[in-house]
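A structural walkthrough
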Amino acid sequence: MSHDTLPRPVRTSAARASAPPRRRRRHWTRRANPLAGLGSVLWLVVVIVPIYAMISASLTRQDDALGNNALKPPSRPTLANYDTVLHSGFFHFLANTAIVATAVVAAVLVLCVPLAYVAVRTRTFFSGAAFRLFLLGVAIPAQAVVVPLYLMIAKLNLYDSLLAVVLPTAAFAMPVSVLILTGTLRDISEELYEAMALDGASATRMLFQLVIPLAKGGISTVVIYSALQAWNGFLFPLIFTQSDGPRVLTLGLFNYVSQFGVDIPALLASVVLSGVPVFAVYLVARRALVGGLMGVGGK
């Protein structure tokens, strides 16, 4: 009997059930969304065009800044504006801004993580009332309390110092941070708390060994939010500082504004250099940042 005439093995129903399912080919045309693609392209244009105009203007000479089209490449590009910025105390302002941002993030995390933990785990009327009272800070604008804050800073002899910028910035970042952290901590399963309680874990041990590892997503979001609040802050440095010693980047932009005009290319060069550290941090830790913003990574 030849090999062509041999009977083929018959697959039983059990063998068919145990066999791995065949993968169907997926055609990209079935899942294509032209409207979403068009929206992405439009959003990319909206983001890129201002950045391009800013970089292009920062490479333009002062006498050509007002006469050229904003979207037209500079006819005589120059790096003199960046040289002017770097020799005008830019690194000093950058160091002050980094100190303020780091101090604000540290203060917010040290205070808000235990506050959110107590608000979630304590089932009493007083804790709930204190939590609601604390969240009233979300509805209070900073401009409404500038005068009382100025008087407090002056009486504490903190005026014209970096601490005068750190304290109010951290205070106004705390309500939103507590709100974010409480939402994250409520997603932690109650069975995990009960299991650690059966093992004899104290509240402090639960906080460091259970809550903080499982709340990385919310903590990352709080870090991003509070750091950006400190990095882009303008009102508190303007009101609570005066000399060049505690001046930050946002106030350093005033060096290119006078009563007779504005050095637009140097001003935009300073803005470009101010955004480079934030962009560098995003490139290094983009996965953690995106995971924190999306609310994942905590579990």
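One structure accompanies this document, and this report is about it. (Residues numbered from 1 in each chain as written. Predicted model: local features only at pLDDT ≥ 70, side-chain atom pairs only at ≥ 80, totals over all residues. Heavy atoms only, no water.)

What follows is about the pattern of salt bridges. Evaluated as defined, the whole model comprises two salt bridges. Among the salt bridges present, the one from E190 reaches R121, with a minimum N-O distance of 3.1 Å. With E190 in helix 9 (residues 190-198) and R121 in helix 5 (residues 90-121), this residue pair connects regions lying 69 residues apart in the sequence. (Salt bridge = Lys/Arg side-chain N within 4 Å of Asp/Glu carboxyl O. Helix = DSSP H or I, 4+ residues; strand = E, 2+ residues; numbered from the N terminus.)

Turning our attention to the packing of aromatic side chains. Within the structure shown, the criterion is met by five aromatic pairs. A centroid spacing of 5.8 Å and a plane angle of 75 degrees characterise the contact between F90 and F91, whose relative ring orientation is edge-to-face. Both rings, one in F236 and one in F240, keep their centres 5.7 Å apart while their planes meet at 10 degrees; by these two values the pair is stacked. Here F236 pairs with F240, and both are found in helix 12 (residues 235-240), just four residues apart, close to one helical turn. An aromatic cluster of at least three residues, connected via ring pairs, comprises F172, F236 and F240. (Phe/Tyr/Trp six-rings, centres within 6.5 Å; stacked < 30°, edge-to-face > 60°.)

As a rule of thumb, soluble globular proteins bury nonpolar side chains together. Ranked by size, the top nonpolar core spans 45 residues in total, and within it V100, V104, V108, Y117, L181, L185 and Y193 carry the most contacts. Counting residues per element, the ones that place at least two in this core are helix 4 (80-86), helix 5, helix 8 (162-185), helix 9, helix 10 (203-214), helix 11 (216-231), helix 13 (249-252) and helix 14 (264-284). Ranked by residues supplied to this core, first place goes to helix 5 with 13 residues. What L185 contacts, discounting residues up to four positions off in sequence, is A116, Y117, V120, Y193, V211 and A215. Core analysis: the second largest hydrophobic core is formed by seven residues, A142, L149, F236 and F240 among them. (Core = buried A, V, L, I, M, F, W, Y, C linked by side-chain atoms within 4.5 Å. Buried < 20%, exposed > 50% of the residue type's maximum accessible area, 1.4 Å probe, protein only. Contact = heavy atoms within 4.5 Å.)

Glancing now at the side chain of N96. Structurally, N96 can be placed in helix 5. Accessibility expressed as a relative area gives 6% for N96, which makes it buried. Here the side chain of N96 touches R247 through a polar contact of 2.8 Å, landing on its backbone oxygen. (Polar contact = N/O pair within 3.5 Å; in protein donor to acceptor, adjacent residues only side chain to side chain.)

Backbone geometry places N157, a non-glycine residue, at a positive phi of 60 degrees. Of the residues examined, N157 reaches a relative accessible area of 68% and is grouped as exposed. Unlike most non-glycine residues, D160 shows phi in positive territory, near 65 degrees. With respect to the helices and strands, the residue D160 is situated in the loop between helix 7 (146-155) and helix 8. Its relative accessible area of 26% is what places D160 among the partly exposed residues.

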